[in-house]
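Here's the letter readout for the chains.
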Amino acid sequence: MNGNVSSGTDVRSVSVVIPTYNNLGLLRECLRSVRALDYPSDRVEVTVVDNGSGDGTYRAVHAPELGVRCVRLEQNTGFAAGCNRGAAESSADFVAFLNDDALADPQWLNRMFEALDGSEAGTMCVASRILSRDGKEIEFNGASSNLFGVGRPRSVWGWPDAAQPPTKGSPLLFASGGAMLIHRRTFLDAGGFDPSFFAYFEDVDLGWRLWVLGHRVIYAPDAVVRHIGGSTGTRQPAHRRYTLWESNSLATVLKNYESGNMERLLSGALLLLYKRALLAAGDAFDRTDYNLGGPRDENTTNVERLPRVSVAHLAAIDRFNSMLPRLMDERRRIQATRVRSDREILPLMGRLWEPQFAGSEYAQASRQLAASLDLYGLTAEGLPNRVLILAGPSDVEAGQVASALAADFPVAFVTVETGAAHTWSIADGYTRHGLAPGSAELGALLRQADAALVFPDSTGALPTEFLDTPTAVIGNAPGSGVSGATHLASSDLEAIRLFCRKPSTTRVVAPS
Amino acid sequence: MNHPPDYMPPGTPQAPQAENIQPPQPADALSSSPKSAIRNPNSQIPPVSVVVLNYNGLRHLETCFTSLMSLDYPKDRLELMLVDNGSSDGSLEFMRERFPTVRLVETGSNLGFAAGNNYGAERATGEYVAFLNNDTRVEPNWLAELVNSLLAGEEQGVVCTSSLMLDWEGKKIDFYSGSVNFHGFGFQPSYGLPVDAVHPEHRELLFACGGSMLIRREVFLQVGGFDPDYFAFFEDVDLGWRLWLLGHRITLTPTAVTYHRHHGTATDVGNHRWQVIYERNALYTIYKNYEQANLDKMLSAALLLLGQRVVRFMELGGVQLGDYDFTRPRTTQKAEPATDNVHRNAVATLLAADEFRATIDKMTPKREWIQANRKRTDEELFARFGQPGRVHLLNHDADAPYSAAHHALLHEFGIEQLWDGQPKDVLLISPDVLPVGDIPASGSGIRAWALGKGLESRGHKVRFTMPRAAIQGRESQVPPEYVRGAWTPETLQSMVDALAPEVIVSCGWPNLTWLPRANLPVALDLTGPHLLERIYQDHLDARTNAEEKLAALERADFFTCISERQRYYFTGWLAQAGVHPDEIGTALQVIPYSLDPEQPQHVWPDDWAGEEVRFVYGGIFLPWQNPAPALLAVASTLQEQGRGRLEVIGGKHPFHAVHTGGFGPLVDQLGKMSSVHMSGLLPHDALVEQYTRAHVAVDVMQPNAERQLAYPSRTVHYMWCGLPVIHAAFSEVAGVIREYEAGWIVRHDDPDGLRAVVTSILADPSEARRRGENAARLARERFTWDLTVDALDRFVRDPYIRSARMSRTARRDDRAASRDPSRHVTAGGITSGDGLGTNMPQAARKLQAVHDRRRTVPAQVKARANELLRTVKGAVGAPLGVQLQLPELVAGHSLGQRFYVGENGLSGVRVQVETFGRKNTSRLFLRLRANPGAPVDLFHIEIPTHNLSQGQMLALRFPPIPDSSGRSFYFVAESPDGVSGDAISLKGDVRPGDLRAQRYDDGIPASGYLVMSLEYNGVTGER
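Along every chain, residues carry numbers that run from 1 in the direction the sequence is written. Working convention: letters from A go to chains and numbers from 1 go to ligands, in the order in which they are written. A pLDDT threshold of at least 70 governs which residues receive local features in this predicted model, and a stricter bar of 80 or more applies before side-chain atom pairs are shown or counted, although totals over entire chains, interfaces and linings include all residues.

**Brief notes about the overall build of chain B**
Numbering goes from the N terminus for both helices and strands, where a helix is a DSSP run of H or I of at least four residues and a strand is a run of E of at least two. Helices and strands together make up the secondary structure of chain B, namely 33 helices and 39 strands. Taking the intrachain contacts of chain B between residues at least 6 apart in sequence as the baseline, contacts between residues at least 24 apart amount to 80%. By the convention adopted here, residues are in contact when the distance between their C-beta atoms, placed from the backbone, does not exceed 7 Å.

**Thoughts on the overall build of chain A**
Helix and strand content of chain A: 15 helices and 19 strands. Radius of gyration: C-alpha atoms only; globule rule: 2.2 Å multiplied by the number of residues to the exponent 0.38. In terms of overall size, chain A behaves like a compact globule, its C-alpha atoms giving a radius of gyration of 25 Å where 512 residues would be expected to give roughly 24 Å. By principal-axis analysis of the C-alpha atoms, chain A measures approximately 80 × 65 × 45 Å. Counting other C-beta atoms within 10 Å of its own, a residue is labelled buried from 20 upward, exposed at 12 or fewer, and partly exposed in the gap between, with every C-beta atom placed from the backbone. A buried classification covers 54% of the 512 residues belonging to chain A. When contacts within chain A are restricted to residue pairs at least 6 apart in sequence, those whose partners lie at least 24 apart make up 73%.

**Description of the interface of chain A and chain B**
Each partner contributes residues to the interface: chain A has 53 residues there, and chain B has 55 residues. With 12 residues, helix H9 (residues 308-336) of chain A is the single largest residue contributor to the side of chain A that touches chain B. Here the side of chain A that touches chain B is built from residues that sort into 27 nonpolar, 15 polar and 11 charged. Two elements, strand E12 (residues 303-307) of chain A and strand E13 (residues 339-343) of chain B, share five bridges in a ladder whose sense is antiparallel. The residue of E13(B) that forms the bridge with Glu304(A) is Val342(B). Residues are sorted three ways: Asp, Glu, Lys and Arg are charged, Ala, Val, Leu, Ile, Met, Phe, Trp, Tyr, Cys and Pro are nonpolar, and all the rest, Gly among them, are polar. A pair of strands counts as paired when DSSP detects no fewer than two bridges linking them.

**Things to note about the sheet that holds strand E17 (residues 522-526) of chain B**
All names here are of chain B. Pairing within the open sheet is parallel, and its six strands lie in the order E15-E14-E16-E17-E18-E19. The sheet is open, and its two edges are formed by strand E15 (461-465) and strand E19 (588-590), each paired on a single side. The sheet shows a mean angle of 20° between the axes of neighbouring strands, taken without regard to direction. Alignment of E17 against strand E18 (residues 558-561), held across four bridges, turns out to be parallel. If you follow Ala523 over to E18, its bridge partner there is Phe558. Its contacts with the sheet place helix H19 (residues 564-576) against E17, E18 and E19, and it is angled at close to 165° to E19. Where helices are involved, their axes are fitted lines through C-alpha atoms of the stretch in contact, as for all axes, and angles between N-to-C directions lie from 0 to 180°.

**A closer look at the pairing of strand E10 (residues 179-183) of chain A**
All names here are of chain A. Counting buried residues in E10 gives five out of five residues, a clear majority hidden from the surface. Of the two faces of E10, the one holding Ala179, Leu181 and His183 and the one holding Met180 and Ile182 are both buried throughout. Pairing of strand E4 (residues 94-98) with E10 involves five bridges; the strand directions are antiparallel. Note on E10: the bridge partner recorded for Ala96 is Leu181.

**With respect to the pairing of strand E38 (residues 1012-1016) of chain B**
Residues and elements named next belong to chain B. For E38, a buried count of four out of five residues is recorded, marking the element as mostly surrounded by other parts of the structure. In the sheet, strand E28 (residues 906-914) pairs with E38 via five bridges, with the strands oriented antiparallel. Counterpart to Leu906 in the pairing with E38 is Tyr1016.

**Here we look at the sheet that holds strand E15 (residues 423-427) of chain A**
Residue and element names in this part refer to chain A. The seven strands lie next to each other as E15-E16-E14-E13-E17-E18-E19, forming an open sheet whose pairing is mixed. The sheet is open, and its two edges are formed by E15 and strand E19 (507-509), each paired on a single side. Put simply, the sheet's adjacent strands are angled 20° from each other on average, direction ignored. As paired elements, strand E13 (residues 387-390) and strand E14 (residues 411-416) share four bridges and run parallel to each other.

**As for helix H11 (residues 360-372) of chain A**
Along its 13 residues, H11(A) runs 18 Å from first to last C-alpha, staying within 8% of the 18 Å computed at 1.5 Å per residue. For H11(A), the complete set of buried residues consists of Ala363(A), Ala365(A), Ser366(A), Arg367(A), Leu369(A), Ala370(A) and Ser372(A). Tucked into the core, H11(A) has its buried residues touching helix H8 (261-280) and helix H12 (375-379) of chain A together with helix H10 (344-373) of chain B. Phi turns positive one or two residues past the end of H11(A), at Asp374(A), with a value near 55°. A helix's residues, less one, multiplied by 1.5 Å, set its expected span.

**Here we look at the packing of helix H8 (residues 271-289) of chain B against H10(B)**
All names here are of chain B. In the contact formed by H8 and H10, the axes pass within 7 Å of each other and the chain directions differ by 30°. The way H8 lies across H10 gives a crossing that is right-handed. For the contact of H8 with H10, a count of residues per class yields 11 nonpolar, five polar and seven charged. Each crossing gets its handedness from the near helix: less than a right angle anticlockwise from the far helix is left-handed, clockwise is right-handed.

**Topic: H9(A)**
Across its 29 residues, H9(A) extends 39 Å between first and last C-alpha, which sits within 8% of the 42 Å expected from 1.5 Å per residue. Remark: the principal bend of H9(A), roughly 55°, maps to Leu324(A), with a proline, Pro325(A), within the next four residues. For a residue, the bend is simply the angle between two axes, fitted respectively to the seven-residue segment ending there and the seven-residue segment starting there.

**A word on the confidence of the model for chain B**
Residue and element names in this part refer to chain B. pLDDT runs from 0 to 100 and stands for how confident the predictor is about each residue. Overall, the predicted model of chain B reaches an average pLDDT of 82, with 83% of residues at or above 70. The low-confidence segment residues 264-269 (pLDDT under 50) makes 14 contacts with residues lying over four places distant or belonging to another chain. Scored below 50 in pLDDT, residues 808-882 makes 129 contacts in the model with residues more than four places away or belonging to other chains.

**Thoughts on the packing of helix H21 (residues 628-641) of chain B against helix H27 (residues 751-763) of chain B**
When two helices pack together, their arrangement is given by the angle between the helix axes and by the axis-to-axis distance. All names here are of chain B. One can describe the packing of H21 onto H27 by two numbers: an axis separation of 9 Å at closest approach and a directional angle of 45°. Considering the angle they form, H21 stands oblique to H27. Like other packed secondary-structure pairs, H21 and H27 cross with a definite hand, here right-handed. Taking contact as the criterion, the partners of Pro629, Ala630, Ala633, Val634, Thr637, Leu638 and Gln641 in H21 are, on H27, Pro751, Leu754, Arg755, Val758, Thr759 and Leu762. Per-class residue counts for the contact of H21 with H27 are nine nonpolar, three polar and one charged. An angle below 35 degrees is read as roughly parallel, one above 145 as roughly antiparallel, one from 65 to 115 as roughly perpendicular, and any other as oblique.

**As for the environment of Asp982(B)**
Residues and elements named next belong to chain B. Mapping Asp982 onto the fold places it in the loop between strand E32 (967-974) and strand E33 (985-986). Considering only alpha carbons, one finds Asp982 and Thr921, 61 residues apart in sequence, at a separation of 6.7 Å. Setting aside residues no more than four positions away along its own chain, Asp982 makes contact with Asn920, Thr921 and Ser922.

**Concerning unusual backbone geometry**
Residue and element names in this part refer to chain A. Positive phi is not limited to glycine here, since Asn22 has a value of about 50°. With respect to the helices and strands, Asn22 occurs in the loop between strand E1 (14-20) and helix H1 (24-35). Even without being glycine, Phe201 reaches a positive phi, approximately 70°. Relative to the helices and strands, Phe201 is located in the loop between helix H5 (184-189) and helix H6 (202-212). On the basis of neighbour count, Phe201 is assigned to the buried category, with 27 C-beta atoms found within 10 Å.

**Considering the nonpolar core**
Membership of the largest hydrophobic core comes to 365 residues, with the highest contact counts inside it found for Leu98(A), Val126(A), Val51(B), Ala130(B), Val634(B) and Met719(B). Non-local contacts of Val634(B), meaning those with residues more than four positions away in its chain, are made with Phe615(B), Leu646(B), Val698(B), Leu754(B) and Val758(B). We define a nonpolar core as a collection of buried residues of the types Ala, Val, Leu, Ile, Met, Phe, Trp, Tyr and Cys that are connected via C-beta atoms lying within 7 Å of each other. Of all hydrophobic cores here, the second largest spans 36 residues; its members include Ala398(A), Val414(A), Leu442(A) and Val509(A).

**Remarks on the environment of Asp596(B)**
Residue and element names in this part refer to chain B. Mapping Asp596 onto the fold places it in the loop between E19 and strand E20 (614-620). With 143 residues separating them in the primary sequence, Asp596 and Lys453 have C-alpha atoms 8.0 Å apart. Ignoring any residue separated from it by four or fewer positions in sequence, one finds Asp596 in contact with Lys453, Thr784 and Trp785.

**Concerning the environment of Leu631(B)**
Residues and elements named next belong to chain B. With respect to the element layout, Leu631 can be found in helix H21. What makes Leu631 buried here is the crowd of 23 C-beta atoms within 10 Å. Residues Leu631 and Arg328 lie 303 residues apart in sequence; the distance between their C-alpha atoms is 66 Å. Those residues in contact with Leu631 that lie beyond four places of it in its chain are Tyr617, Leu646, Val648, Leu666, Leu670 and Val698.

This is the structure:
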């Protein structure tokens, strides 16, 4: 902290809150970076919340004379409750949350305030960019979430509604709890991080809730924090982390969606959770043992041995049920004070159908469910399906389809050319991309697309992600089995439009 | 309805009976209506096809078709069909040979129950089609009764009617009634009850049993028949639900009797295979049938509950949820196993959900058709469900947490509001004789009756049951349905299982001792403090009594008591029983002692001239009540005045073996006085008759702990009969008597005051009438059950299971189980010896989870509490033991103890730290080894000592050792960097306490003991 700079009364006071649990070595480094912040020292206080560490954290770091206070908790109350406690104990205007294994850039706070000052009214929370220790990897560079509350530290871009990567002041669904700035009163009034989450996804829930309550969250990509890693969670075995992930994403869905949407999305979330539980079991059991007409059973016990990572999904259900009364209280409170509709928030989520389990079977199951339960119907207005068109550069027909669809869907028109430099432009309401096969940009667009239309003359090998994106193969495109020239009739366009509205499985649209 | 065997509630020979039960009707009597008397207004006998579906059921065919050949139905109007689902057992050949007139229809392959029956119906020629399971036989008039029933109801829209199904011997009910809960599970209420326990009446049903029913063929086909995608199970529920939605009606024809041989088909395949279909079909049913406004909410709740069932099946297989708790600190370096055993029904249930997901598209067009054509709202349907909020219980140990989750979900999702106002099925367990027969009822019986009647006045369906012992030998004086429906400690649980009420109301806590399953919401009425009663009744010693009482309180969710004073009294008990102090305010409510809103008419003389003023005292003589000084004062005053008389109506308790205490001498004394008229206990009606003709009641007891807390039912009863009461000032009811001027309040220790009151009444008896009329008004306004039942009604309407009670009940069960090795935990529905592969009682596993979740009380707090306890006990001269000073733990030394373990599931060793009042910096290692010579640790933990406080408990916790019982282990503490002056020690004691142990210093046996306690299955072993 910069003790030499005298502060004006207009300099906002900040409390840097660092929750920690048995991580003294890294915490010391973290605190050194905080002390080096370029911010008037009399406007910064540092609060370390010790979640019951047994490694002497308190004695090592508690130094009020140096501006570092340690709040000592009897036991590990979790990341969320630790942050809340730190915020509650402070009297500063703003709280900056920082992971105990992260190093803040000296300009960290200043950059976040700059972004805040340049933003629209109602902005109460700023996200930092988080880099790996060596600065080579970007750990947090925007935010998105699937429909079921599973957040990702990346934004979606390349589409007409978000053509560019997020920049200073871009709205984000949430800020990483590992490095963010938030107006303290707003944070507390909104209920802070949900302590019942204990850890994981509490930042997704908070960001989402802030938007619901009428606040805004923005990005300050030049406010940089380096994350050393070795976080607390990885010391627990995977099945315990899964239990938290799964129950917390359900909790996020339960709390934040509007009535009507919530119930249907919860049904979808549960059916997909059960699917994940089965997929995570792998070949631990023989499916045919459960068919009525199946072969005689070799397993004469009533028991199956399942991987704990599979059972964890159901342990999450039990945990979720035990959280339910509290979550519903929260839900009633949030919904009663809702300012923004789901429809306004969905665009911030960006990747509604991002599968949260690897493999085509899951991806297809989730698409099928979206169509069967008509979850697409809930999202069509807020965030219509993203349509990727793969075609040759001079395919007039594909261009016409793109123009026609662009009124209803965000459309990216991609031509793949070996060795091509990445180009893009906006025309007719859709983005045009020229991409090299196998490029990261192509992969990103394919992953983000909800529906892909493959036209004749589209060339280049398609990345494997392609397989999991519902695809309509048009006319005599590769894989369609149709040969000869094509001319799409208006009925074909309707079929394509219908496919884009409810993409589930790959299909062929043969010109009529 | 077909069910896999898992879901059959256990049949109970002594099962209870419903209210309004008629005398036994043998099955024959049911089928004694005129033969073949088709009562068709057009005197047209309609053609009927009987479809018997068969899949490798050769062994059933002879019996089934022999009975069908004997049907009293015109042969030219009857088409008997066997629809064969691809049998390979020679069924067809047999039929051709043996029953050549029966039409054979071959489906070619096993289409399942639903599609097979549809196939038959499509090909049938009758105007009506009857579906009959092949493992049945029917009465000769079966078909004529069904047809008559439909013809009679056709104008009202009845298109389908169900047969009454009995077991093969005709002794027990199989299908009498069909109900469904909100997530699509069908039930057969009354299943397994004796035939004479229900009076089969013609009535409407949500669905007809698919195993024996008649339906208009045209309608059946038009609505789509049984849903072929079901294959089997719940297709009849779905059909019934759909028929109602589309505007039709369904009835039961109790005079059409079918006998059902059990599980002719279903037992041949593993239950887990059926589980897939069963669970999936329930989801299909709700997905298709709910209106759009309800569908999403219902489906999400159903899916959450499905997940809960999976969780419970996983636990049954051996999963400990605590292993999945992120917040649980890791105490060992030992790698955790990567797998867990789960019951196969867990996998099956997940597969069901996934099959549902994958096939929703098949259901959607059906859903759209039904919704487009529906004629009735969901709300109208809920009224037909029977028990929309019923828990899908499997009657095994995992039920209780499942049931709790079910109720919590209904509440939180606001689902119960959808059928708000719909009555609940309540079982009311009385501890004593109910006022229903010609034998005297006690106050607690009347109390129970009042609560039940109050609930009935709010529309609930209440079944009353009283103890068999209470009516033993006097059965003829009690209506037979109450005799059949009486409970015994041995049968109470199975009675509850069979009746499956939605809520239990237990009057008095001892009843709950006999309900170990604890899987339904329980309201417990706490009548009277029972301080002295239990003692006088020669029950257990006070401490055991208290433990029993606490255990019973822990099993209930909602509590009522009779008065404000008792509310304060029971607040303490509830706090002890683990009800959170913040919750007691809502969990414990006052319902005054209450009586019928139809009050008896008091008879007052028009003219007091020549009328003797009649004072009365009535009720059971109980040793903890002393009315003697007051009664003697009244009697002697009357004697002195030479006017009026005192009637004493009473005697010893009719049921409980309670001596009469001081009443014997009192009765002797009173008997000698000419102003006194004595008579024995009277039945309720006769007693009321006496009261309505008396003029003044006397209820002035000497105070004791019991009386001061009591809210005397006797006095309420007097006032209800229109009697003014002379009552003692110390009693709580005195206030309201004053307020209404419903009597006279005297001090119990002021005989002169009492005499003065008696004298004044004699002087002006009309004052008795005025006050008596006030008393009647008071009773109506404050003590009638339709007005007082509010709080209980609210609970019954939206019942719940306290989450806290699951853990406590489990702990007690677990302790009982772990003490008694002969007690095996059996899981109903899960066959024993199914290789669950665990020694750990289910209750312990449940508890583990709960305990893990709740491990929030810091060890320091507990240690501090223990220390305080020690101090307190020390102060009153009862030291727990003499402390033994043990040496400082410095490098190279160790403190150890070999100890014997008497129970399975050892999961922790706790010792107490001695810091010598210093801050220490050394590290402390706690290790568990097989024996002192063992070179390796079974488990160990490293504890930094700088934060330790004096007396703190240190725990070495580890996964439960399933077979620890009967083995010894060695515990040792070391501090490798401890230096003298900066090291800690452990607490020692010269006495072993509960332990069987040998202490070691540096591996060498030493005298004294380490203070140590053991944990089992994650549970602290402190008792």
